[in-house]
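Results of the structural survey
In case you want the letters, here they are:
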Amino acid sequence: MNYFRTAMLLAGLTALFMGVGYLIGGASGAMIALVIAAATNLFTYWNSDRMVLSMYGAHEVDRSTAPELVGLVAELAGRAGLPMPRVFLMDEVQPNAFATGRNPENAAVAVTTGLMGQLSREELAGVIAHELAHIKNHDTLLMTITATIAGAISMLAQFGMFFGGNRENNNGLGIVGSILMMILAPLGAMLVQMAISRTREYAADNLGARIAGQPMWLASALVKIEGAAHQVPNYEAERNPATAHMFIINPLSGHGVDNLFATHPSTQNRIAALQQLAAELGTRPAPSVGANENYPPRGPWGRSSSRGPWG
């Protein structure tokens, strides 16, 4: 089903891409757009993860540079039955995270410094388990390709505004048609992203909670991340809104269209689903993830004057 959903999404985005090309240049424009879309899809399949990680200035870490983080990812990946993904750190105040990669063998998990500084170890485990669930469900290919193609559609629509608005023959779009295309084409791409976002996030929440062993760890993390996302701007995400659906919580400020066309389901509904899952799993305490006697607890599991092993 995940592969079928990916194929349908790519077909829809490619059709939209061709439609914009047709409006700009007729049948020849549609064919040129099809060739561009095919090349973009192929390039994105192999390179989209590197593009997105580079976009957010993410740098890879290992056991020598971030032993606690990498160790936590390794333990949770083992629980999930996944190969060890590469681990990246983003120098970003807003707490957030995403996973990327074309398959589990070539996956990466990226977290912000804000996430590590504001969450307890248990909450961080819940977030990482959620991202590993995306990898296990093969959502990462879908997310990265969607972000790249949606961005390409927006750029093509902007090109149509320039090209169509300056054409004088009857085949041209005209200024009004160009403006409408510039608005409606990116909106269509956004709606395609929204169509799969809710079920994808709910499924990752459910599987991630099972990987971590305690649904309320993720629920507590979502509360913190949601609150910070509306207070702490992520400027890179604001400049690249087509990537917003990749994060565990929408990194955009939530104003205007960002709020009207949310890329994520309601956080309150996600927490309610996690509470229901916790009840279904019973009250048996979850095993401690990567227990470390020297790790100072934070958040709802205790307070400490130390910032912890990450500074």
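Residues numbered from 1 in each chain as written. Predicted model: local features only at pLDDT ≥ 70, side-chain atom pairs only at ≥ 80, totals over all residues. Heavy atoms only, no water.

1. So, the sheet that holds strand β4 (residues 108-112)
- Across the sheet, which stays open at both edges, the 4 strands sit in the order β1-β2-β4-β3 with mixed pairing between neighbours. Across the chains shown, the open sheet's two edge strands, defined by having one partner strand only, are β1 (59-61) and β3 (97-100). Recorded for the sheet is a direction-independent mean angle of 30 degrees between the axes of neighbouring strands.
- Direction of pairing for strand β2 (residues 86-90) relative to β4: parallel, over a ladder of 5 bridges. (Pairing = 2+ DSSP bridges. Helix = DSSP H or I, 4+ residues; strand = E, 2+ residues; numbered from the N terminus. Axes fitted to C-alpha atoms, helices over the stretch in contact; angles between N-to-C directions.)

2. Some details on the nonpolar core
- Within the largest apolar cluster, 44 residues are counted, with the highest numbers of intra-cluster contacts made by Leu-69, Val-111, Leu-115, Val-127, Ile-128 and Leu-132.
- Top contributing element to this core by residue count: helix α4 (residues 121-136), with 8 residues.
- With sequence-adjacent residues up to four places away left out, Leu-132 is seen in contact with Val-73, Leu-76, Ala-77, Leu-82, Pro-85 and Val-109. (Core = buried A, V, L, I, M, F, W, Y, C linked by side-chain atoms within 4.5 Å. Buried < 20%, exposed > 50% of the residue type's maximum accessible area, 1.4 Å probe, protein only. Contact = heavy atoms within 4.5 Å.)

3. Looking at helix α2 (residues 67-80)
- Spanning 14 residues, α2 covers 20 Å between terminal C-alpha atoms, matching the ideal 20 Å at 1.5 Å per step.
- Buried within α2 are the following residues: Glu-68, Leu-69, Val-70, Leu-72, Val-73, Leu-76, Ala-77 and Ala-80. (Expected span 1.5 Å × (residues − 1).)

4. Observations regarding the packing of aromatic side chains
- For the structure on display, the rule yields 3 aromatic pairs.
- Measuring from centroid to centroid gives 5.3 Å for Tyr-56 and Phe-247, while their planes differ by 75 degrees, and the two rings are edge-to-face. Of the two residues, Tyr-56 is situated in the loop between α1 (2-55) and β1 and Phe-247 in the loop between α8 (235-239) and α9 (257-260); the sequence distance between them amounts to 191 residues.
- A relative accessible area of 10% means that Tyr-56 is categorised as buried.
- What makes Phe-247 buried here is its relative accessible area of 1%.
- Within the aromatic cluster, the residues linked to one another by ring pairs are Tyr-56, Phe-98 and Phe-247. (Phe/Tyr/Trp six-rings, centres within 6.5 Å; stacked < 30°, edge-to-face > 60°.)

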